[in-house]
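Fold and geometry: a report
These are the residues of each chain, in order.
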Amino acid sequence: MISVQEALEKIESFKKDFGTEEVSLSDALHRILAEDIQADRDFPPYDRVTMDGIAINVTSFEQGRRSFALEKIQAAGDRVQVLDDPHKCIEVMTGAVLPQSTDGVIPYEDILIGEGKAFIKADTVRKFQNVHLRGTDSKAGSLLIEKGVRINASHIGVLASTGKNKVVVKRTPTVAVCSTGDELVDVEATPEPFQVRRSNVHMIASALMTEGIRAEVFHFPDDKFILTDGLKAIVKQFDVLLLSGAVSKGKFDFLPEVLLSLGLNTVFHRVAQKPGKPILFGSFESGKLVFGFPGNPVSTFVCYHLYFRYWLCQSLETPVVYVPVRLAEPVAFKPRLSYHLMVSLRNIAGVLEAVPVTGSGSGDLTGLVKAEGFVTLPAEEDVFEAGKLLWMIPFYS
Ligand SMILES: Nc1nc2c(c(=O)[nH]1)N[C@H]1C(S)=C(S)[C@@H](COP(=O)(O)OP(=O)(O)OC[C@H]3O[C@@H](n4cnc5c(N)ncnc54)[C@H](O)[C@@H]3O)O[C@H]1N2
Ligand code: MOO
């Protein structure tokens, strides 16, 4: 049986570049940006008024004038207007262009308006106060977002403001998520007392959506022939198969045998870890990959994050997120296995502490929602002291 580290190294050797593609802005969230984004114009693109009020020629104020006749209004979205007389003022709205021949904005709170005039109550007015000067954030042509980042909502904002309704991103693999097992029924179904609803595939398909991957979901009964035919078709269609269940030693755990008959080269089957020991990983000659996650929900979820996500991040050349944490309380684990311990986080004076979430094992799906991620306790040690520094793999990200 190989170690977690050895399994990760083997998986890494199967990383693959899937190229790039252009997607619409609305589909770009969570994808890896594959082009540098430059400012198409200055940011802001004009001297932008930042307070509702009046714009004046500040020199008039400095020369002692406090009362300014209201000449006109400059609304946001209007073409730039010109102040014709420095003894007058223009009412301006936030987001408007600063009118020509004005160089300062006084908010309504600091003026009194009556009889067509604005009287300034403020003692001082600085040049260009309440004005966001053109190009102060970024100059046209400057680099705003470097390629390689995972696109988040703020990136979407910048992409939108630079007119990118199409974005070049790294292509992601096509993924099929399959469950197996006669005890599993649809989410909508009312299970018999000896059945459970399929949850793993929905959990994994949702996790994939945070990678910008829309997977297709399949289910197979514990029937060797149906499984063989079904998987044969799926392997042709998808780059990666994520399978949940049927990889351990049960009489109906047909997956290893069926995959072998379809020509899978099994890279490893079983890793010295808990949960997730029966995991299977292999490749077809075509380069298509199979991750066979053990069916217990916590095993499937941990193995997805630890192994599939690692492979995906390597393939997309994006870093895997690990969160440094300190173990909140001592933990003992004797078996010579790496132990993936579910944890929740608490912040103690700026230090993130990982509090063990003790459920009833890898079948405890309801306990999983209390965990924010997991830490891997190395196989070589039995006792882990409180305060030990560990790296948590988060379930968000
Ligand atoms: N003799 C041995 N028995 C078992 C071993 C072993 O080494 N020797 N390993 C145990 C471990 S560890 C695990 S984990 C499980 C994994 O078994 P399988 O991958 O074959 O998974 P199944 O038997 O099909 O299912 C296990 C469990 O999970 C439930 N399940 C499966 N798929 C789903 C799904 N899509 N949604 C919800 N729940 C699912 C299933 O009903 C079972 O209760 O084997 C141990 N046994
Ligand atoms: O993978 Mo298993 O979860 O150790 O029961």
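Under an unreviewed UniProt entry, the name given to the protein chain is Molybdopterin molybdenumtransferase, and the source organism is Arcticibacter tournemirensis. Check the Catalytic activity (unreviewed entry) section of the UniProt entry for the protein chain; it says "adenylyl-molybdopterin + molybdate = Mo-molybdopterin + AMP + H(+)". As its UniProt record puts it under Function (unreviewed entry), the protein chain is described as follows: "Catalyzes the insertion of molybdate into adenylated molybdopterin with the concomitant release of AMP."

This paragraph deals with the nonpolar core. Counting residues in each nonpolar core, the largest one holds 69 residues, and the members touching the most others are Leu241, Leu242, Phe291 and Tyr307. Among the elements that make up this core, the one with the highest residue count is helix H7 (residues 297-316) (eleven residues). Shared between two domains, this core holds at least three residues of each, these being domain 1 (4-18 + 172-316) and domain 3 (323-394). Those residues in contact with Leu242 that sit more than four places away from it in its chain are Val175, Val177, Ile204, Phe291, Phe293, Tyr304 and Phe308.

With that settled, the discussion passes to the site of ligand 2. Residues in contact with ligand 2, as listed here, are Lys274, Pro275, Gly276, Lys277, Pro294, Asn296, Ser299 and Ser362. Of the residues that constitute the shell around ligand 2, the class distribution is two nonpolar, four polar and two charged.

Another aspect to go through is the site of ligand 1. Surrounding ligand 1, one finds 27 residues, the nearest of these being Ser179, Asn200, Gly245, Pro294 and Gly295. Secondary-structure elements contributing two or more residues to the shell around ligand 1 are helix H4 (200-209) and H7. A class-by-class count of the residues in the shell around ligand 1 yields nine nonpolar, 13 polar and five charged.

Our focus in this paragraph is the UniProt feature "domain: MoaB/Mog" (unreviewed entry) in the protein chain. UniProt marks residues 176-314 with the feature "domain: MoaB/Mog" (unreviewed entry), using the numbering shown here. Between the first and last C-alpha atoms of residues 176-314 the distance is 19 Å; the span itself is 35% helix and 25% strand.

What the domain assignment lists for the protein chain is domain 1 (4-18 + 172-316), domain 2 (48-132) and domain 3 (323-394). Here domain 1 and domain 2 have C-alpha centroids that lie 66 Å from each other.

Rules of the game
Residues numbered from 1 in each chain as written. Chains lettered and ligands numbered in written order. Predicted model: local features only at pLDDT ≥ 70, side-chain atom pairs only at ≥ 80, totals over all residues. UniProt positions renumbered as here; feature names shortened; annotations may be inferred. Core = buried A, V, L, I, M, F, W, Y, C linked by C-beta atoms within 7 Å. Buried ≥ 20, exposed ≤ 12 C-beta atoms within 10 Å, placed from the backbone. Helix = DSSP H or I, 4+ residues; strand = E, 2+ residues; numbered from the N terminus. Domains from an automatic or database assignment. Contact = placed C-beta atoms within 7 Å. Near = placed C-beta within 6 Å. Nonpolar A, V, L, I, M, F, W, Y, C, P; charged D, E, K, R; others polar.

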